[in-house]
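# Descriptive structure summary
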Amino acid sequence: MSSVGRPPEVDSNGEPIQKSLVNVTIPTKLANFLKKKGINRSRLFVTMAQKMFDSEVCDKCYGETIEETLLGWYCKDCNGNPNIPLRMLKCKECENCGVRYDPPYNMFSQSKDKSVQKGCWDCIPPEERS
Ligand SMILES: [Zn+2]
Ligand SMILES: [Zn+2]
């Protein structure tokens, strides 16, 4: 569990992420399994919590200033610079074809003739996008 040589985790402003000690009680056999696997329990807990709440809390600064858009969710605190491409926390799936949005490669779109009200670049060719 030594962190010697590893730089401290920092938020989008370069401020060190403050940490707290939490105790968790889990089944002994599961604890033994994790130990055998050499799993870092702190990292595991953070990873699992992020996965469960990936559209509610930022995985970089752990802030809750989350904005929901057509494409998905992003942290407002970590995306304050308009010159830096938006980094999404979690992307939604296209309502038309089910493919996940992937800005800047796959964005929201509508078709010109309005046959597709809510689609994406994957399912609407460039010449048909409105
Ligand atoms: Zn953030
Ligand atoms: Zn689509």
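Heads up: these notes are all about the structure in this document. Computed from a predicted model, the values in this text were never measured in an experiment.

## Brief notes about the overall build of the protein chain
- Secondary structure assignment for the protein chain yields two helices and five strands.
- Overall, the protein chain shows an N-to-C arrangement of helices and strands of α-α-β-β-β-β-β.
- For the protein chain, whose C-alpha radius of gyration is 20 Å, the value lies well above the compact-globule estimate of 14 Å for 130 residues.
- Each of the three principal axes of the protein chain carries a C-alpha extent, and together these read 60 × 35 × 25 Å.
- Out of the 130 residues in the protein chain, the part that is buried amounts to 11%.
- Long-range pairs, those at least 24 residues apart, make up 21% of the contacts in the protein chain between residues at least 6 apart in sequence.

## Re unusual backbone geometry
- Residue P104 follows P103 across a cis peptide bond; omega there is 5 degrees.
- Of note, P104 is situated in the loop between β3 (88-91) and β4 (108-109).
- Here the phi dihedral of K114 falls at roughly 65 degrees; this positive angle occurs in a residue that is not glycine.
- Examined against the element boundaries, K114 turns out to sit in the loop between β4 and β5 (119-120).
- Judged by local crowding, K114 falls into the exposed class, with 8 C-beta atoms found within 10 Å.

## A short note on the nonpolar core
- Ranked by size, the top nonpolar core spans six residues in total: L71, C94, Y101, V116, C120 and I124.
- Among all residues touching I124, those that are not within four sequence positions of it are S109, S111, V116, G119 and R129.
- Grouped together as the second largest cluster of nonpolar side chains are five residues, Y74, C75, C78 and L89 included.

## Quick word on helix α2 (residues 41-52)
- Here α2 spans 16 Å end to end across 12 residues, near enough to the 16 Å set by a 1.5 Å rise per residue.
- The element α2 is largely exposed, with a buried count of zero among its 12 residues.

## Considerations on the pairing of strand β2 (residues 72-75)
- In terms of strand pairing, strand β1 (residues 66-68) meets β2 through three bridges, oriented antiparallel. Directly across from I66, in β2, lies its bridge partner C75.
- Hairpin connection from β1 to β2: three residues lie between these consecutive antiparallel strands.
- Pairing analysis gives three bridges linking β2 to β3, with the strands arranged antiparallel. The partner of W73 across the bridge, within β3, is K90.

## Section: the sheet that holds β2
- Read from one edge of the open sheet, three strands run β1-β2-β3, paired in antiparallel fashion. Where the open sheet ends on each side, the last strands, each with one partner, are β1 and β3. Averaged over all adjacent pairs, the angle separating strand axes in this sheet is 20 degrees, with direction ignored.

What counts and what doesn't
Residues numbered from 1 in each chain as written. Chains lettered and ligands numbered in written order. Predicted model: local features only at pLDDT ≥ 70, side-chain atom pairs only at ≥ 80, totals over all residues. Helix = DSSP H or I, 4+ residues; strand = E, 2+ residues; numbered from the N terminus. Rg over C-alpha atoms; globule rule 2.2 N^0.38 Å. Buried ≥ 20, exposed ≤ 12 C-beta atoms within 10 Å, placed from the backbone. Contact = placed C-beta atoms within 7 Å. Core = buried A, V, L, I, M, F, W, Y, C linked by C-beta atoms within 7 Å. Expected span 1.5 Å × (residues − 1). Pairing = 2+ DSSP bridges. Axes fitted to C-alpha atoms, helices over the stretch in contact; angles between N-to-C directions.

The analysis is restricted to geometry; functional conclusions fall outside its scope.
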